[in-house]
Structures are given as structure tokens and as C-alpha cells.
Amino acid sequence: MLPRKLLAELRRKRNKTFLISAHIHLEGDALGSELALASLLRSLGKKVMVLNEDRVPQEYRFLPGSGSVRPARGPLDYDVAVLVDCSDVSRIGNVRKVLRSDRKLLNIDHHISNEKFADINWVEPRASSASEMVYELFGALGVRMKKADALCLYVGIMTDTGSFKYKSTSARTHRIAGELCQHGLDVYGIYRRIYESMSPLTVKSLAKIIGTLDFSKDKKVAWLKVSHALLCKDPKLAEQTDDIIHFARAISGVEVAILFKEIRPGRETRVNLRSTGKVNANAIAQIFGGGGHRMASGVTIKGVFADVVRRVVKEAVGRVS
Ligand SMILES: [Mn+2]
């Protein structure tokens, strides 16, 4: 339920300046929801800063307002900070340094692992995306949605639902997407900009990654590895999580698909987990200090790459039926 207190805080006259941020590894939903929220607040006459640790990834730079995203350079003043798509406050990375403990903090998120860290928390684990939640804010606050807002929200919903195929996709998700489309969105054009803009190098790299495909004995856990050398040669791979993990998850009988990226050799591995339904991917990530959703989760683990692979695979194997 959308808290009335949250609406009051967004409307309140004396709240003139808002700081908005979203999680690191900026992607469609984080960016779409924060840009649409920024536009909504500007329609209410507020001054808004959108701050992120990461730069906007190339494939999202067509989103209206993405040019206004800034890195955090403090100290700065504001009245209210709103974090979207963040399960906990550390997810905003270095933007945390400019947060002020003497200012209100609002939390709008759909992760089941959300830590309800803010003064006002609006957490809807059944929402497909933070963008779906921000969509609701437009109606609740009586703000007319512009085409630019519809585009940002559509991209957020499309990317977080894996183009309307994940379990989080509800009838409501489709209804909202339908309404957003009525603003005259070019649905295939949007899809192509985000998912069909790969470089020849990336597709060649994908071929190498698929070559690392490995399975548990019962073939219910499948995993892929991206070496540090490959990441150096093609930095775009760091953002291509869904495109890569798709190949492991799409195999008949697989219940857990895992992607290991060797971020810093011998020191740090990014692990992405995808479930096909039976296993709770969030629970596996949480064991190592990460989180996410039942169907999709992630965690960054310190240690030697081969070691991390062994530990996470073992944990997943222990959970398949
Ligand atoms: Mn999201």
C-alpha cells in the first residue's frame, strides 16, 4: 500500500529541493524510475537533483533526462532524499556520502530483501519494478504524465521483467505497460536500442563465455564464467548479465543458472543468480551477503575466483530438488 505519509512528503510546500538516487550498476529500472520520479517532482514545482555513482550506460542515453544525471559531489543541501530500486542504503554507492542525517529519507522499492532503512518506506515485493511503483505515484499525486515519463517507465518495466516474461509480470504490469504505450511509444525501437545494439566484439565474447558452460551432476545447476581477461577486452560484458545468463537458464531441466564475473582477479567476483521457479535465488545470494528477488539475485564475493565458484555452486546444488 502506498503510504499517505510518502505522498504528503512529496507534496509538502516546504520541501523544495529533492535528491534522487538509485542503485549502482545503473540499469533500466533504476534509471527509468528515478528519471520519471524527477520529472514528476518537477511538475510539482520542486527542484530535483538526480545523483548516481555510475555514468548512464550507453544503451540508456536515449532516455529523456538521462543527461541530467550527475555524480555526487558534496557537500550539498536538499530537503528530502528519495532512493528508488534500492534494497538497502549502501546500494547507492558513493552517493551515500552526500546524504544528510538531518534530512528526510524516503525509500521506494520492490526488492523482497529491502531493509526498510528510511524514514518512510514504500516496499512492494509484488511490483514488477520500481518503475511500476513510480507509475502509481503519478495517479496518486494527480500529475499528468508526459510521453518522456511514459518512455522512462516503460523501459524500467520492460528491462526488470525481462521483456514481460519473468514471474513478476502481472496482469497489472501489462495494463500499465499498455497505458504507457498509448503515449505513442515505439515499442520495437525501444527494445532494439537496449537489447539489439550489441557490438560484433560482444557477440564473439559471448561465444567464448558459452564455451565455459558447466553443470552439476544432475544438470539442475548450470553456470557460466567471464574471466577478467575477457572483461578487460570487452568492458561492455560487465553490464550484459541477462543476455549472458540467458544461455544457462534456457537449458531444459536447469533450476538455477549462475554467472560468475571475475571483477578483480584473486579478490572479487560478481555473482548473478537466476532461478527458473523452484529455488529461491535471493536466499542463496543472502548467504554470501547479497540479495534481490526470488527469481533473480546477485552478490559480490571476495576471494579467489575458483573458490567463489565452488562455494556458490555447492550452495545452489544443496537447494535444488
Ligand atoms: Mn528494479
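Just so it is clear, the structure is predicted and the values come from calculations on it, not from any experiment.

A. The arrangement of the sheet that holds strand S3 (residues 80–84) in detail. In space, the five strands of this open sheet follow the order S2-S1-S3-S4-S5, with parallel pairing throughout. If you trace the sheet from one side to the other, it starts and ends with strand S2 (47–50) and strand S5 (120–123), each paired once. Across the sheet, the mean angle from the axis of one strand to that of its neighbour is 15 degrees, orientation sign disregarded. Pairing between strand S1 (residues 17–22) and S3: five bridges, direction parallel. Looking at the pairing, Ser-21 lines up with Leu-83 of S3. Those strands touched by helix H1 (residues 4–11) are S1, S3, strand S4 (104–109) and S5, and its axis lies near 125 degrees from that of S4.

B. The packing of helix H4 (residues 147–160) against helix H5 (residues 171–181), seen in detail. Between H4 and H5, the shortest axis-to-axis distance is 9 Å and the interhelical angle comes to 150 degrees. Crossing of H4 over H5 shows left-handed handedness. Taking contact as the criterion, the partners of Ala-150, Leu-153, Tyr-154 and Ile-157 in H4 are, on H5, Thr-173, Ile-176, Ala-177, Leu-180 and Cys-181. In terms of residue class, the contact of H4 with H5 is built from eight nonpolar, one polar and no charged.

C. Structural context of the coordination of the manganese ion. Taken together, Asp-29 (OD), Asp-85 (OD), His-110 (NE2) and Asp-160 (OD) make up the protein donors of the manganese ion, found 2.1 to 2.3 Å from the metal. Look at where the donors of the manganese ion fall in the sequence and you get D-x55-D-x24-H-x49-D. Pair noted here: Asp-29 is in helix H2 (residues 28–43) and His-110 is in the loop between S4 and S5, with a separation of 81 residues, a long-range link.

D. Broad picture of the environment of Leu-10. Assignment of secondary structure puts Leu-10 in helix H1. Sequence separation of Leu-10 and Arg-172 is 162 residues, and the distance between their C-alpha atoms is 24 Å. Not counting the four nearest positions on each side in its chain, Leu-10 is found in contact with Phe-18, Leu-41, Leu-44, Lys-46, Val-82, Leu-106, Leu-137 and Leu-141.

E. Structural context of the sheet that holds strand S6 (residues 214–215). Strand order in the open sheet made by the six strands is S6-S7-S8-S9-S11-S10, with mixed pairing throughout. This sheet does not close on itself; its edge strands, each paired only once, are S6 and strand S10 (291–292). With seven bridges joining them, strand S9 (residues 268–275) and strand S11 (residues 296–302) adopt antiparallel strand pairing. Across the sheet, the residue bridging to Glu-268 is Lys-302, located in S11.

F. Geometry of the side chain of Ser-33. Within the secondary structure, Ser-33 sits in helix H2. Apart from the residues within four sequence positions on either side, Ser-33 is in contact with Val-84, Ala-130, Ser-131 and Val-134.

G. Seen up close, the environment of Val-317. Tracing the backbone shows Val-317 in helix H11 (residues 305–317). For Val-317 and Val-95, which are 222 residues apart along the polypeptide, the C-alpha to C-alpha distance reads 37 Å. When near neighbours in sequence (up to four residues on either side) are disregarded, Val-317 contacts Ser-216 and Val-221.

H. Inspection of the pattern of salt bridges at higher detail. Under the criterion given, the structure shown has 14 salt bridges. Asp-102 is paired through a salt bridge with Arg-103; the nearest N and O atoms lie 3.3 Å apart. With a relative accessible area of 48%, Asp-102 lands in the partly exposed category. Residue classification places Arg-103 among the partly exposed positions, given a relative accessible area of 23%. The shortest N-O distance in the salt bridge between Arg-172 and Glu-136 comes to 3.1 Å. On the criterion of sequence distance, the pair formed by Arg-172 in helix H5 and Glu-136 in helix H3 (residues 130–141) is long-range, its members being 36 residues apart. Assessed through its relative accessible area of 29%, Glu-136 is described here as partly exposed. Here the salt bridges share partners, and the residues they tie into one network are Asp-77, Arg-100, Asp-102 and Arg-103.

I. Local environment of the pairing of S1. Among the six residues of S1, six are classified as buried, and the element is accordingly described as predominantly covered. Of the two faces of S1, the one lined by Thr-17, Leu-19 and Ser-21 and the one lined by Phe-18, Ile-20 and Ala-22 are each fully buried. Crossover handedness for the path S1 to H2 to S2: right-handed.

J. Structural view of the layout of surface pockets. Within this model, the second largest pocket holds a volume of roughly 210 Å³. Considering the residues around the second largest pocket, the lining is formed by Gly-162, Ser-163, Lys-165, Tyr-166, Tyr-191, Tyr-195, Asp-242, Asp-243, His-246 and Arg-249. Those elements that provide at least two residues to the lining of the second largest pocket are helix H6 (187–195) and helix H9 (241–249).

Basis of the calculations
- Residues numbered from 1 in each chain as written.
- Predicted model: local features only at pLDDT ≥ 70, side-chain atom pairs only at ≥ 80, totals over all residues.
- Heavy atoms only, no water.
- Pairing = 2+ DSSP bridges.
- Helix = DSSP H or I, 4+ residues; strand = E, 2+ residues; numbered from the N terminus.
- Axes fitted to C-alpha atoms, helices over the stretch in contact; angles between N-to-C directions.
- Contact = heavy atoms within 4.5 Å.
- Left-handed = near helix turned anticlockwise from the far one by under 90°.
- Nonpolar A, V, L, I, M, F, W, Y, C, P; charged D, E, K, R; others polar.
- Donors = N, O, S within 2.8 Å, 3.2 Å for Na, K, Ca; no water.
- Salt bridge = Lys/Arg side-chain N within 4 Å of Asp/Glu carboxyl O.
- Buried < 20%, exposed > 50% of the residue type's maximum accessible area, 1.4 Å probe, protein only.
- Right-handed = clockwise from strand over helix to strand, strands pointing away.
- 1 Å grid on protein atoms, 1.4 Å probe; cavity = no way out; pocket = protein on both sides within 12 Å on 5 of 7 lines; lining within 4 Å.
- Points joined across faces, edges and corners; volume = space filled by probe spheres on them.

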